[in-house]
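Each chain, letter by letter, is given below.
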Amino acid sequence: MEAATGALEPGGPAPLPAALPHGASAWRRRDRLGLVACWAAGLLLCVLAVSIVVFMLVKGIQYLSPDLLFSHPVSDTDQSKTGGFLDPLIGTFILTTVGTGLAVPIGVATAVWLTEYGRPAWLARAVESGIEIVAGTPSIVLAIFGLLLFSNGLFDFLSFTAQGGAVFGRSFLTAGAMMSLIALPLVFGTTREALQSIPAHLREASYALGKTKATTIRRVLLPMSRPGIATGAALGMGRIAGDTAIVVILLGATLQLQGVGNAPVLGTLRGTGSTLTSYVYNNSPAGEGNAPEKAYAAAFVLLLIVIGLNFAVDLITGRRRSRSAWSR
Amino acid sequence: MQRPHLTAALALGGAVLAVAPATAAARPTISMSGSTSVAPLAAKLARGYLRAFPGKVGFRLAQGGSDIGVADVARGRVSIGNSSRDPKPTDPGGLVFNKIARDAICVATNRRNRLSGVSQATVKAIFGGKVRDWSQVPGAGIRGPIDVIVRTPASGTQDAFQKIFLEKTTVTSTAAQKASNGLVAQTIKNDPRAVGYVSLAFTRGLNDARYQGVGCNLRNAKSGQYLGTRNFWMVTRGRARGAAGRFIRWVQRSSAAVPIISRGWVPLR
Amino acid sequence: MSAAAHPDPAAGVATERTDRRVELTLGALASFILVLIAGMIVFVFAKAWPSFAHNGLAWFGAGGNVDSQLGEIFNSPANPAAYQYTLHAWPLLYATLLTTGGAVLLGMTFALLSAVFIVEFAPAGLARALQPVVRLLAAVPSVIYGLIGILVIVPFVGNELIHQGRRKSVAYVVQLSGTSLLVAVLILTVMITPIMIAIIVDALRTVPRGWTEGAAALGVNRWRVMWTITVRAARPAIVAAAVLATARALGEAIMLSMVSGSVGFAPNPLDGLTFLFEPVRPLAATIVDNAEGLSVKPFGQTIYAFAAILLVSSFFLSFAGWAAKQPLKRYAGRA
């Protein structure tokens, strides 16, 4: 039998590890090549990760200054007068909130319906495929679909009508609506996982006590799935904060937050602005700006936000594993 | 129970949010889009207007290119379209072009290529693709193939450049298209063999190729010596009315606007 | 305790009704997704139809400079009867195929080898450290990859790797600067690999230990065990990872618009190595670059036609992923 190791070679057992790890000096050449390839890939991965992180860290610290964080961006040809990125920073927070705020109810509702009800069966399968399709749709397609949809007169309340009578269609609300589609599959996925991991005996206990299905969902299942929902929400927030295509197309591309009318909250939401991602894009050599230093600084802040959100996900999932241990 | 309180609170909050816009006096917003060359001037003028009449209006400035501005204002998407090119016969009907300033287009190269004094024939040959290497250009400071940088079709600067500098010559298809003045400037700064054209306000850090031997600066543009000048327009659908009309008339007629424009462009008065 | 905790038997009907109402509400919310997708298909295709109708199958073919064709469409006269629609989008489609295909091939190799490394060959500390690192890389926004690309990699490629001779050889057809197919594929690979690694590592870890230990007991070496048993067993996940990565690569617009060149050029493999340095512009990047022109009717319709192609491709990918996983389902079982 052409065994893979040299254990059955004439002359006794093969020598123990000499030059290569895992005793690979006794392997055939092809296997050794595979080992080397794996190590090369692994090391390359480390090098890549370290260099990206270190590079962004260095550039960020080099160019980030507190006044950048707290001053408004101003459009000017003279780069020393263009201000900071306070508005884009606020814009990122607003957009993330709106997007997640829309995604969580719909995502949780869909997940609940799918796991607890799910009738008729064809509809359930269709909804599942639908979520997968939304997850796979490129955000640029969602963005111009959003533009198409919200430029319709029906949705005038979401943005504003320009002086000429056409609906502008670009605002935090419209961008947030499309962003929620980005976060939706993530919220749906983790919520469904959480719901499915709740053992049947808990549901049965609740029914045995005489509670209706609706009450069981509300009082038993949803509270237990809260970590899962939170994980999905945090993942969704991370993806929303990092998306640029939808912002570039659906947020109106004004440097500062410019609200519509005088309502404090609704006005800003119906107005235009920018986010860190579009600010980085515009200040890079690909946009109108011409300020790579500010782009690095904003990119660094953006990276910190995204890392922070992922860290939050870790905290939540860590807690989840210990909390649901009692239900096994 | 907690739920009725929560629902009541939400209803109240929603009502406040909904009622507020109706009762507040709607401050008109002047939205502009269009030329990337006009954009810095428009931004400065907007700030000047807000200083002169605080709290009266809001501004919203987007870019995209002169053709975008014209198309947007024709469809009623914005109040004013900024254009750095003259009206074309293919423009949608019903538009009024209000001239606000004049601007110079400079032919620029990288600082390493101290090209100075380029004639119209040379410009036509370079941008038309007849001449492809710097060694064939008299006065060029470097060697190698020429990287021609132009603007995208939506650009008014591109239109103006075509009309004033190139006349009948068409731009070579190998030219790299960039979407804004800033992008052209950036590309020229990074590429020693590049040549392109930018609005006067974007020439910092670049070498002015001195079209027809005349330096591309504000003084020569004002005096008329520099021939590569073009008009800046604020386009409206029909006669400029309302808040947008007041702003345009302020730009064109008020004495407060002249020093703002003079900083980098040629005022009309 | 709520009043519903001890329902009165006579109220059984009422609770049934609330249950039904809740089910219907939730079902309606869930079906919202389907309505949205249907709406998206209808809207986008309706808008895109004139562009396809005017060009027929030639839309997908080659012929002329796609950038100047787009320019003509944008500058169409205002009269609807005279709208320009002529477009031969092959350079854009070809660019999309090249960047996506190249990135997925490279990425899949890299991801598979890295995943095997993490699961099997890495020292314990390194493997533990790599987990959050991979997740971090997966979370980095695409605009940051684009920024590093355009500020670091593109100038490097443009100034160091592309020599005069190479430039001269294609000067009559296209300008070579740093933005090129090479940079696009490399950065796209780095973008899609972390997700693939995460999925494949998860799958490799769930292969039953009994299988691997049994093989080891028979004397199979670690590499062979990993390759012939574990990786084989994880094939559904590998397929899923590939599909996910392809979808991500296809839809990547921002990063590619920053580094791939913004020129609608079809690179010529016959140019040899220069092929890698030629600029491209995939479909998604074209949409982003031209998004402001949407208000010009025929131009907008052309852009929506590009979006329609992307939409169809992503549907096709979802379906292909599902179909590819079907025959492999029997490997996903537990021992």
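None of these values were measured; they are calculated from a predicted model. (Residues numbered from 1 in each chain as written. Chains lettered and ligands numbered in written order. Predicted model: local features only at pLDDT ≥ 70, side-chain atom pairs only at ≥ 80, totals over all residues. Heavy atoms only, no water.)

Student: Even after reading the chapter, I still don't get the interface of chain C and chain A, so can you show me in this structure?
Tutor: A common way to express how large an interface is: the accessible area buried when the components associate. Facing the 78 residues of chain C at the interface are 78 residues of chain A. Roughly 6900 Å² of surface becomes buried between chain C and chain A when both sides are summed, with 79% attributable to carbon and sulfur atoms. At the boundary of chain C with chain A, the tally comes to 3 salt bridges. Here R224 of chain C and D31 of chain A are joined by a salt bridge, their closest N and O atoms 3.4 Å apart. Our count for the chain C to chain A interface comes out at 8 residue pairs in polar contact (both at pLDDT 80 or more). The dominant element in the side of chain C that touches chain A, judged by the number of residues it contributes, is helix 1 (residues 12-55) of chain C, at 20 residues. Its residues assigned to classes, the side of chain C that touches chain A comprises 58 nonpolar, 12 polar and 8 charged. (Contact = heavy atoms within 4.5 Å. Buried area = accessible area lost by both parts, 1.4 Å probe. Salt bridge = Lys/Arg side-chain N within 4 Å of Asp/Glu carboxyl O. Polar contact = N/O pair within 3.5 Å; in protein donor to acceptor, adjacent residues only side chain to side chain. Helix = DSSP H or I, 4+ residues; strand = E, 2+ residues; numbered from the N terminus. Nonpolar A, V, L, I, M, F, W, Y, C, P; charged D, E, K, R; others polar.)

Student: Sorry if this is basic, but what is going on with unusual backbone geometry here?
Tutor: In the segment running from R119 of chain A into P120 of chain A, the intervening peptide bond is cis, with an omega of -10 degrees. Along the chain, the position of P120 of chain A falls in the loop between helix 3 (86-117) and helix 4 (121-136). A positive phi angle, near 50 degrees, is found at E167 of chain B, a position not held by glycine. Topologically, E167 of chain B is positioned in the loop between helix 5 (156-166) and strand 6 (176-178). By relative accessible area, E167 of chain B is classed as partly exposed at 44%. In this structure, R210 of chain B is a non-glycine residue whose phi angle is positive, near 50 degrees. You can see R210 of chain B is positioned in the loop between strand 8 (207-208) and helix 7 (218-223). Taking the relative accessible area as the measure of exposure, R210 of chain B reaches 34% and is therefore partly exposed. (Buried < 20%, exposed > 50% of the residue type's maximum accessible area, 1.4 Å probe, protein only.)

Student: Before we go on, may I ask you to explain the side chain of S260 of chain C in this structure?
Tutor: Residue and element names in this part refer to chain C. Along the chain, S260 turns up in the loop between helix 11 (254-259) and helix 12 (274-277). Given a relative accessible area of 0%, S260 falls into the buried group. For S260, the side chain forms a polar contact with the main-chain oxygen of L256, separated by 2.6 Å.

Student: Sorry if this is basic, but what is going on with the pairing of strand 5 (residues 147-151) of chain B here?
Tutor: Look at any regular strand and the pattern is simple: side chains alternate between the two faces of the sheet. Residues and elements named next belong to chain B. Across the 5 residues of strand 5, 5 count as buried, placing the element largely inside the fold. The alternating pattern of strand 5 places D147, I149 and R151 on one face and V148 and V150 on the opposite face, and all of these are buried. In this structure, strand 5 lies alongside strand 7 (residues 194-199), joined through 2 bridges in parallel fashion. What sits directly across from V148, in strand 7, is V195. Read as a crossover between parallel neighbours, the route from strand 5 over helix 5 to strand 6 is right-handed. (Pairing = 2+ DSSP bridges. Right-handed = clockwise from strand over helix to strand, strands pointing away.)

Student: Sorry, what's going on with the pattern of salt bridges here?
Tutor: Pairing between side chains becomes possible if they bear opposite charge and their charged atoms approach one another. All told, the structure shown has 20 salt bridges over all chains when counted by the stated rule. Note that K88 of chain B is salt-bridged to D159 of chain B, the shortest N-O span being 3.1 Å. Note that K88 of chain B is positioned in the loop between strand 3 (80-83) and strand 4 (95-109) and D159 of chain B in helix 5, a separation of 71 residues in sequence. Across the salt bridge formed by R222 of chain C and E120 of chain C, the nearest N and O atoms sit 2.7 Å from each other. Here R222 of chain C, found in helix 9 (residues 222-233), pairs with E120 of chain C, found in helix 3 (residues 90-121); they are 102 residues apart in sequence, far enough to count as distant. What you see here is one network of salt bridges that share partners, running through D67, R85, K88, D91 and D159 of chain B.

Student: Sorry if this is basic, but what is going on with the state of the cysteines here?
Tutor: Put plainly, a disulfide is one covalent bond tying together the sulfur atoms of two cysteines. Counting across every chain of the model gives 1 disulfide over all chains. Between the sulfur of C106 of chain B and that of C216 of chain B lies a disulfide, 1.9 Å long from S to S. The S-S bond linking C106 of chain B to C216 of chain B shows a torsion near -60 degrees; that makes this disulfide left-handed. Within this pair, whereas C106 of chain B is found in strand 4, its partner C216 of chain B is found in the loop between strand 8 and helix 7, the two being separated by 110 residues in sequence. Not part of a disulfide, C38 of chain A finds its nearest cysteine sulfur in C46 of chain A, a span of 13 Å. (Disulfide = S-S within 2.5 Å.)

Student: What is the right way to read the nonpolar core from this model?
Tutor: Generally speaking, soluble globular proteins have nonpolar side chains that are buried together. Grouped together as the largest cluster of nonpolar side chains are 185 residues, with contacts concentrated most on I140 of chain A together with F306 of chain C. Of the residues forming this core, the biggest block, 14 residues, is contributed by helix 3 of chain C. In this view, I140 of chain A contacts A245 and I249 of chain A together with G251, A253, A284, I287, V288 and L310 of chain C; residues no more than four positions away in its chain are not counted. Counting residues in each nonpolar core, the second largest holds 33 residues, with V137, A175, Y197 and V266 of chain B among its members. (Core = buried A, V, L, I, M, F, W, Y, C linked by side-chain atoms within 4.5 Å.)

Student: Can you walk me through a positive patch on the surface in this structure?
Tutor: On the surface, a cluster of positive charge is made up of R237, R239, R241 and R253 of chain B. Position of R239 of chain B relative to the elements: it lies in the loop between strand 9 (229-237) and helix 8 (242-253). (Patch = residues over 30% accessible without salt bridge, like charges linked within 9 Å, V, L, I, M, F, W, Y side chains within 5 Å. Areas by Shrake-Rupley, 256 points an atom, 1.4 Å probe, with all protein chains shown as cover. Lys, Arg positive; Asp, Glu negative; His and termini not counted. Charge placed at Lys NZ, Arg CZ, Asp CG, Glu CD.)

Student: For this particular structure, what's the right way to read the pairing of strand 4 of chain B?
Tutor: Residues and elements named next belong to chain B. Taken across its 15 residues, strand 4 has 12 buried, putting it largely inside the fold. As defined by bridge partners, strand 4 adjoins strand 9 across 9 bridges and the pair is classed as antiparallel. Each bridged residue has a counterpart across the sheet, and for R102 the counterpart in strand 9 is N231. Alignment of strand 4 against strand 10 (residues 266-267), held across 2 bridges, turns out to be antiparallel. Looking across to strand 10, one finds that A101 is bridged to P267. Here strand 4 pairs with strand 7 via 5 bridges, running antiparallel. Among the inter-strand pairings, T109 is bridged to a residue of strand 7, identified as V195.

Distances and angles like these do not, on their own, reveal function.
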